[in-house]
Amino acid sequence: MEAMVNTVKGWQENPVKFARSHGVSLSPEAEESDPERTGLHILIVEGFLIYNYKPLLDVYDQCYYISIPYEECKIRRSTRTYTVPDPPGLFDGHVWPMYLKHRKEMAENSSRIQYLDGMRSKDEIYNQVYERIQNSLLNSL
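About the criteria used
Residues numbered from 1 in each chain as written. Predicted model: local features only at pLDDT ≥ 70, side-chain atom pairs only at ≥ 80, totals over all residues. Heavy atoms only, no water. Axes fitted to C-alpha atoms, helices over the stretch in contact; angles between N-to-C directions. Helix = DSSP H or I, 4+ residues; strand = E, 2+ residues; numbered from the N terminus. Parallel < 35°, antiparallel > 145°, perpendicular 65-115°, else oblique. Left-handed = near helix turned anticlockwise from the far one by under 90°. Contact = heavy atoms within 4.5 Å. Nonpolar A, V, L, I, M, F, W, Y, C, P; charged D, E, K, R; others polar. Phe/Tyr/Trp six-rings, centres within 6.5 Å; stacked < 30°, edge-to-face > 60°. Core = buried A, V, L, I, M, F, W, Y, C linked by side-chain atoms within 4.5 Å. Buried < 20%, exposed > 50% of the residue type's maximum accessible area, 1.4 Å probe, protein only. Expected span 1.5 Å × (residues − 1). Arc of directions from axis to C-beta.

Participant: How should I be thinking about the packing of helix α5 (residues 70-78) against helix α6 (residues 90-109) in this particular structure?
Facilitator: Two quantities define a packed helix pair, namely the angle between the helix axes and the distance between the axes. Between α5 and α6, whose axes approach to 12 Å, the crossing angle comes to 115°. With respect to α6, the element α5 is oriented roughly perpendicular. Both α5 and α6 take part in a crossing whose hand is right-handed. Mapping the contact onto sequence places Tyr 70, Cys 73, Lys 74 and Arg 77 in α5 and Leu 90, Phe 91, Asp 92, Val 95 and Trp 96 in α6. When the residues that make up the contact of α5 with α6 are grouped by side-chain class, the tally is six nonpolar, no polar and three charged.

In structure tokens form, the structure reads like this:
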């Protein structure tokens, strides 16, 4: 997790230089931009447990968490194909209890997390987040 914090901070210091050094393609606008000017750069950090490590939580501008109810989670997991299948009882005996534990810790770590309804369509969730980010950017001008 410490390496992830350092990676995010490295990106924050100079997003264009960071992208180039990590082989990430840049838009023509970013390639041609004056390094002295500050442009708009957005980094999306995705993963589970990313809100359970305080030093990492401190670097985020916005936090989103998509949640789904137990039954839906169990159905979705049961339809996945894993190289090594889940043994019987893993979901109820380990996966869901650990989800609840880590979600509780996450909620205790930050009140800035915005919870999104994972039962909504991907497009609805995307539009909701996009609108919030847009509003945030407009309000910071």
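Participant: Hey, could you run me through the packing of aromatic side chains in this one?
Facilitator: Pairs of aromatic rings are described using the distance from one ring centre to the other and the angle between the two planes. Per the stated rule, a full pass over the model turns up seven aromatic pairs. With a centroid separation of 5.9 Å and an interplanar angle of 70°, the aromatic rings of Tyr 65 and Tyr 115 are classed as edge-to-face. On the criterion of sequence distance, the pair formed by Tyr 65 in strand β1 (residues 63-67) and Tyr 115 in strand β2 (residues 113-117) is long-range, its members being 50 residues apart. Counting every residue linked through ring pairs, the aromatic cluster contains Tyr 70, Phe 91, Trp 96 and Tyr 99.

Participant: Could you clarify how one ought to interpret the nonpolar core in this entry?
Facilitator: Burial of nonpolar side chains together is a common tendency in soluble globular proteins. Within the largest apolar cluster, 12 residues are counted, these being Val 5, Val 8, Ile 50, Tyr 51, Leu 56, Leu 57, Val 59, Tyr 60, Cys 63, Tyr 65, Met 106 and Ile 113. Put simply, the parts of the chain that give this core at least two residues each are α1 (2-13), α4 (54-57) and β1. Among residues more than four places away in sequence, those in contact with Met 106 are Tyr 51, Asn 52, Tyr 65, Ile 113 and Tyr 115.

Participant: Hey, could you run me through α1 in this one?
Facilitator: Residues three or four positions apart in an α-helix share a direction because the helix packs 3.6 residues into each turn. The terminal C-alpha atoms of α1, which comprises 12 residues, lie 17 Å apart, in line with the 16 Å expected from a rise of 1.5 Å per residue. The set of residues buried in α1 consists of Val 5, Val 8 and Trp 11. Projected down its long axis, α1 carries its buried residues within an arc of 125°, all on one side. Residues of α1 that are exposed and point more than 90 degrees away from the buried face comprise Glu 2, Ala 3 and Glu 13. Turning to α1, the residues buried within the fold contact α2 (15-21) and α4.

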